[in-house]
Amino acid sequence: MQKRKIKENVYWLGAVDWDRRLFDSLIPLPDGTSYNAYLIQGSEKTVLLDTVDPPLAEELMAQLDGVEKIDLIVSHHAEQDHSGTIPRVLERFPEAKVVVTPRAKGMLIDLLRIPEGAFITVEDGQTMSLGDKTLKFIHTPWVHWPETMTTYLEEDRILFSCDFFGSHIATTDLFVTDQGRVYEAAKRYFAEIMMPFRAVIAKNIEKLAGYDIQMIAPSHGQLYDRPAWIMDAYRDWVLGAPHNLVVLPFVSMHGSTRLMVDHLTSGLVRRGVRVELFNLAVVDIGKLAMALVDAGTVVVGAPTVLAGPHPLTAYATLLANALRPKAKYLSIIGSYGWGGKTVETLAGMIPNLKVEVLTPILCKGLPSEADYNALDNLAEAIAEKHRESGFH
Ligand code: FEO
């Protein structure tokens, strides 16, 4: 695709990756993604903001045909989907300097072997004049690595935010056209890579509140020409209370755990608690991550296999531990044939979660009347905890 004008002398460059279905060999991308770079031509200096994932480098290099010089390459984030083509750009524009946070400099030297003399490091709040346009660098760590920053173009009031506020969507629409679709994709993205760092991200959001931001230009997905709603959404995901919602990832081998899951779900719904089920045998883990953003309680449904939890439930539990959702309560339900350490093993996998563990329920074989009664008690306990906590 050709470069596209955003504002006077400000252009979108980059590549739309329609085919990609997995990121970091982990994160599903059901709608593909884009790698957005931006070109700002000031009266004195020209700057390129970020690049593209190396497999699509030729698209960016073609868009740079006809650009006489690049003085600066701003690298907001060292991850290779944005930085990986910087060495190619430096080959064509060897006089360009790479503008980074001090921490990003070391990371780019490690990851891409860019020579030390190519860098200019900038402090938080530092400005840089392009002549008739001014860049202000705002350090915003952990969106999504510790070295990340954003750039505010003062005259045009555009925030170039890199992963922050991004969404994985492949589209030819430059700006958001379907807010519901972008909300879901942005929430999925937040859940998968930023949720664990909520405390720092809250500070970043507070820092940005001091700026008049009329447009957000992220490095994945569409640009926001009315950015208030996505900033409000982030405030909710980061600072909002958990919802009156139980997220229930489970797997069942011969049906016993499924019977327990269905009984508990009915009991919760009867008591006014919303439930989202995720059968781990068929799940899109991005959907599970998204549900965890709002969960008040997580219940893992795990059959016992080879004396421990089914490996798919161990994977989901490890993932939840890594994502550190704001859920306040957790329980485990499941079944076994003759013995095992399912509860102990899963309980040992969640050291990062600040949760109260509600009494787990493991049944032998098919659930008995006593097991169903225990599940009703668990549903009552969860509903009561949610009421006490004010989850809505
Ligand atoms: Fe889009 Fe963290 O890179």
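Residues numbered from 1 in each chain as written. Predicted model: local features only at pLDDT ≥ 70, side-chain atom pairs only at ≥ 80, totals over all residues. Heavy atoms only, no water.

Draft legend 1. Just the layout of surface pockets, in detail. Counted as a void, the largest pocket has a volume near 250 Å³. Lining of the largest pocket is provided by 16 residues; of these, Met 253, His 254, Thr 304, Tyr 336 and Gly 337 occupy positions nearest its centre. Looking at the lining of the largest pocket, the elements that each hand over two or more residues are helix H8 (256–270), strand E18 (304–305) and strand E20 (329–336). Partitioned by chemical class, the residues of the lining of the largest pocket number seven nonpolar, nine polar and no charged. The computed volume of the second largest pocket comes to approximately 190 Å³. (1 Å grid on protein atoms, 1.4 Å probe; cavity = no way out; pocket = protein on both sides within 12 Å on 5 of 7 lines; lining within 4 Å. Points joined across faces, edges and corners; volume = space filled by probe spheres on them. Helix = DSSP H or I, 4+ residues; strand = E, 2+ residues; numbered from the N terminus. Nonpolar A, V, L, I, M, F, W, Y, C, P; charged D, E, K, R; others polar.)

Draft legend 2. Main features of helix H4 (residues 102–112). Turning to H4, its buried residues number three or more, namely Ala 104, Leu 108 and Leu 112. Take H4 and look down its axis: the buried residues cluster within an arc of 40 degrees, on one side only. In H4, those exposed residues whose orientation departs by more than 90 degrees from the buried face are Arg 103 and Asp 110. Looking at the buried positions of H4, the neighbouring elements they touch are helix H2 (80–83), helix H3 (86–92), strand E8 (97–100) and strand E9 (119–121). (Buried < 20%, exposed > 50% of the residue type's maximum accessible area, 1.4 Å probe, protein only. Arc of directions from axis to C-beta. Contact = heavy atoms within 4.5 Å.)

Draft legend 3. Here's a closer look at the packing of aromatic side chains. Scanning all chains against the criterion turns up twelve aromatic pairs. The ring centre of Tyr 11 lies 4.4 Å from the NZ or CZ of Lys 3, which sits over that ring. (Phe/Tyr/Trp six-rings, centres within 6.5 Å; stacked < 30°, edge-to-face > 60°. Lys NZ or Arg CZ within 6 Å of the ring centre and 35° of its normal.)

Draft legend 4. Just empty space enclosed by the protein, in detail. Tallied over the full model, the rule gives four cavities of 30 Å³ or more. Taken as a whole, the largest cavity encloses approximately 90 Å³ of empty space. Every residue lining the largest cavity is counted, 14 residues in all, and those nearest its centre are Trp 12, Asn 36, Thr 171, Asp 173 and Gly 221. Among the elements of the structure, strand E2 (10–17) and strand E5 (33–41) are those that each provide at least two residues to the lining of the largest cavity. Counted by class, the lining of the largest cavity contains six nonpolar, six polar and two charged residues. Counted as a void, the second largest cavity has a volume near 70 Å³. Around the second largest cavity, the lining residues are Pro 249, Leu 288, Leu 292, Val 298, Val 300, Ala 316, Thr 317, Ala 320, Leu 330 and Ile 350. Those elements that place two or more of their residues in the lining of the second largest cavity are helix H9 (285–292), strand E17 (297–301) and helix H10 (311–323). Top contributing element to the lining of the second largest cavity by residue count: H10, with three residues.

Draft legend 5. Expanded view of the environment of Lys 187. Tracing the chain through its elements places Lys 187 in helix H5 (residues 179–193). The exposure class of Lys 187 is buried, given its relative accessible area of 10%. Between the C-alpha atom of Lys 187 and that of Gly 339, which follows or precedes it by 152 residues, the distance is 40 Å.

Draft legend 6. Summary view of the nonpolar core. With 61 residues, the main nonpolar core has Phe 165, Ile 230 and Tyr 234 as its most contacted residues. Of all the secondary-structure elements, those providing two or more residues to this core are H5, helix H6 (198–208), helix H7 (228–239), strand E15 (245–250), H9, E17, H10 and E20. Among the domains, domain 1 (4–239) and domain 2 (245–383) are the pair contributing at least three residues each to this core. Leu 39, Leu 64, Val 67 and Ala 78 belong to the second-largest nonpolar core, a separate cluster that totals 29 residues. (Core = buried A, V, L, I, M, F, W, Y, C linked by side-chain atoms within 4.5 Å. Domains from an automatic or database assignment.)

Draft legend 7. How the structure looks around the domain arrangement of the chain. As far as domains go, the chain holds domain 1 (4–239) and domain 2 (245–383). Distance from the C-alpha centre of domain 1 to the C-alpha centre of domain 2: 38 Å. When domain 1 packs against domain 2, the two sides together hide about 1,300 Å² of surface, and 61% of this comes from carbon and sulfur. Put simply, domain 1 and domain 2 have three salt bridges between them. The residue Lys 287 makes a salt bridge to Glu 184 at a minimum N-O spacing of 3.2 Å. Counting the contacts that link domain 1 with domain 2 gives six residue pairs in polar contact (both at pLDDT 80 or more). Counting residues per element, the ones that place at least two in the side of domain 1 that touches domain 2 are H5 and H7. (Buried area = accessible area lost by both parts, 1.4 Å probe. Salt bridge = Lys/Arg side-chain N within 4 Å of Asp/Glu carboxyl O. Polar contact = N/O pair within 3.5 Å; in protein donor to acceptor, adjacent residues only side chain to side chain.)

Draft legend 8. Spotlight on the packing of H5 against H9. Taken N-terminus to C-terminus, the directions of H5 and H9 make an angle of 85 degrees; their axes are 8 Å apart at the nearest point. With respect to their mutual orientation, H5 and H9 come out roughly perpendicular. Note on element contacts: H9 touches H5 through Gly 286, Lys 287, Ala 289 and Met 290, opposite Glu 184, Lys 187, Arg 188, Ala 191 and Glu 192. When the residues that make up the contact of H5 with H9 are grouped by side-chain class, the tally is three nonpolar, one polar and five charged. (Axes fitted to C-alpha atoms, helices over the stretch in contact; angles between N-to-C directions. Parallel < 35°, antiparallel > 145°, perpendicular 65-115°, else oblique.)

Draft legend 9. Seen up close, H10. Helix length check: H10, at 13 residues, gives a terminal C-alpha distance of 18 Å against a target of 18 Å (1.5 Å per residue), a fit within 8%. The set of residues buried in H10 consists of Thr 313, Ala 314, Ala 316, Thr 317, Leu 319, Ala 320, Asn 321 and Leu 323. A positive backbone phi angle near 50 degrees is found at Arg 324, which sits one or two residues after H10. (Expected span 1.5 Å × (residues − 1).)

Draft legend 10. Geometry of a negative patch on the surface. A cluster of like negative charges, contributed by Glu 44, Asp 132, Glu 154 and Glu 155, occupies part of the molecular surface. By secondary structure assignment, the location of Glu 44 is in the loop between E5 and strand E6 (46–49). The class of Glu 44 is exposed, set by a relative accessible area of 55%. (Patch = residues over 30% accessible without salt bridge, like charges linked within 9 Å, V, L, I, M, F, W, Y side chains within 5 Å. Areas by Shrake-Rupley, 256 points an atom, 1.4 Å probe, with all protein chains shown as cover. Lys, Arg positive; Asp, Glu negative; His and termini not counted. Charge placed at Lys NZ, Arg CZ, Asp CG, Glu CD.)

Draft legend 11. Molecular detail of the side chain of Ser 34. Considering the arrangement of structural elements, one finds Ser 34 in strand E5. The buried category is assigned to Ser 34, whose relative accessible area is 3%. For Ser 34, the side chain forms a polar contact with the side chain of Asn 36, separated by 3.0 Å. At 2.8 Å, the side chain of Ser 34 forms a polar contact with the backbone nitrogen of Gly 221. Setting aside chain neighbours within four positions, we find Ser 34 in contact with Ala 15, Val 16, Asp 17, Ile 169, Ser 219, His 220 and Gly 221.

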